[in-house]
Amino acid sequence: MAYCSKANEDFMEKQGFVSKVHRKKLHLKPMPRHLQRSDSGKSVIRSRVAHVFANQKSQREEQNREVFRTLYVEFLGILYYK
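Keep in mind that what you see is a predicted model, and the values were worked out from it rather than measured.

### Points about the overall build of the protein chain
Line of reasoning, step 1. When helices and strands are tallied, the protein chain shows two helices and zero strands.
Line of reasoning, step 2. Here the C-alpha radius of gyration of the protein chain, 23 Å, is well above what a compact globule of 82 residues would show, namely 12 Å.
Line of reasoning, step 3. Projecting the C-alpha coordinates of the protein chain onto the three principal axes gives extents of approximately 70 × 25 × 20 Å.
Line of reasoning, step 4. In the protein chain, which comprises 82 residues, the proportion classed as buried is 11%.
Line of reasoning, step 5. Counting only contacts in the protein chain whose residues sit at least 6 apart along the sequence, the fraction spanning at least 24 positions is 10%.
Line of reasoning, step 6. Counting every atom, the protein chain has about 7700 Å² of accessible surface; 61% of that belongs to carbon and sulfur.

What follows is the structure in structure tokens.
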């Protein structure tokens, strides 16, 4: 899970970005309700984005396996006929 730091927040503000990073709670204190709601909303968005990227990665890996399988079969055929 990603948390914000002062340096990262300053950098993002200078670049004109809006922070969408989770907030940490204070040590040994309960997390305020408004931060809980904010973090849970950010988690929903993060999970949706992560699932999309995971699906794309899975499809790429499947394509790569098929390409390597084809190349391997061709390589074995070349070795066999030499």
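### So, a nonpolar patch on the surface
Line of reasoning, step 1. A grouping of Tyr 72, Phe 75, Leu 76 and Leu 79 is seen on the molecular surface, where their side chains present a nonpolar patch of about 420 Å² in accessible area.
Line of reasoning, step 2. With respect to the helices, strands and loops of the structure, Leu 79 is situated in helix α2 (residues 33–81).

### Let's talk about the side chain of Glu 9
Line of reasoning, step 1. Summarising the element assignment, Glu 9 is placed in helix α1 (residues 6–15).
Line of reasoning, step 2. One buried charged residue, Glu 9, forms no salt bridge at all, with the nearest opposite charge on Arg 23 at 4.1 Å.
Line of reasoning, step 3. Not counting chain neighbours up to four residues away, the residues in contact with Glu 9 comprise Cys 4, Ser 19, Val 21 and Arg 23.

### Considerations on unusual backbone geometry
Line of reasoning, step 1. For Leu 28, which is not a glycine, the phi torsion comes out positive at approximately 60 degrees.
Line of reasoning, step 2. Tracing the sequence through the fold places Leu 28 in the loop between α1 and α2.

### Some remarks on the environment of Arg 65
Line of reasoning, step 1. By the element assignment, Arg 65 lies in helix α2.
Line of reasoning, step 2. Arg 65 sits 37 residues away from Leu 28 along the chain, and the two C-alpha atoms are 49 Å apart.

### Considering α2
Line of reasoning, step 1. Counted at 1.5 Å a residue, the expected span for α2 with its 49 residues is 72 Å, and the 71 Å between its end C-alpha atoms agrees.
Line of reasoning, step 2. Every buried residue belonging to α2 is among Leu 35, Asp 39 and Lys 42, and all of these are buried.

### Here's the deal with the pattern of salt bridges
Line of reasoning, step 1. Evaluation of the coordinates by the stated rule reveals three salt bridges.
Line of reasoning, step 2. In this structure, Lys 6 engages Asp 10 in a salt bridge whose closest nitrogen and oxygen atoms are separated by 3.4 Å. Of this pair, Lys 6 and Asp 10 both sit in helix α1, four residues apart, which is roughly one turn of that helix.
Line of reasoning, step 3. The class of Lys 6 is exposed, set by a relative accessible area of 65%.
Line of reasoning, step 4. Of the charged contacts in the structure, one is a salt bridge between Glu 66 and Arg 69, with a shortest N-O distance of 2.9 Å. Separated by three residues within a single helix, Glu 66 and Arg 69 lie in helix α2, roughly one turn from each other.

Thresholds applied
- Residues numbered from 1 in each chain as written.
- Predicted model: local features only at pLDDT ≥ 70, side-chain atom pairs only at ≥ 80, totals over all residues.
- Heavy atoms only, no water.
- Helix = DSSP H or I, 4+ residues; strand = E, 2+ residues; numbered from the N terminus.
- Rg over C-alpha atoms; globule rule 2.2 N^0.38 Å.
- Buried < 20%, exposed > 50% of the residue type's maximum accessible area, 1.4 Å probe, protein only.
- Contact = heavy atoms within 4.5 Å.
- Areas by Shrake-Rupley, 256 points an atom, 1.4 Å probe, with all protein chains shown as cover.
- Patch = residues over 30% accessible without salt bridge, like charges linked within 9 Å, V, L, I, M, F, W, Y side chains within 5 Å.
- Salt bridge = Lys/Arg side-chain N within 4 Å of Asp/Glu carboxyl O.
- Lys, Arg positive; Asp, Glu negative; His and termini not counted.
- Expected span 1.5 Å × (residues − 1).

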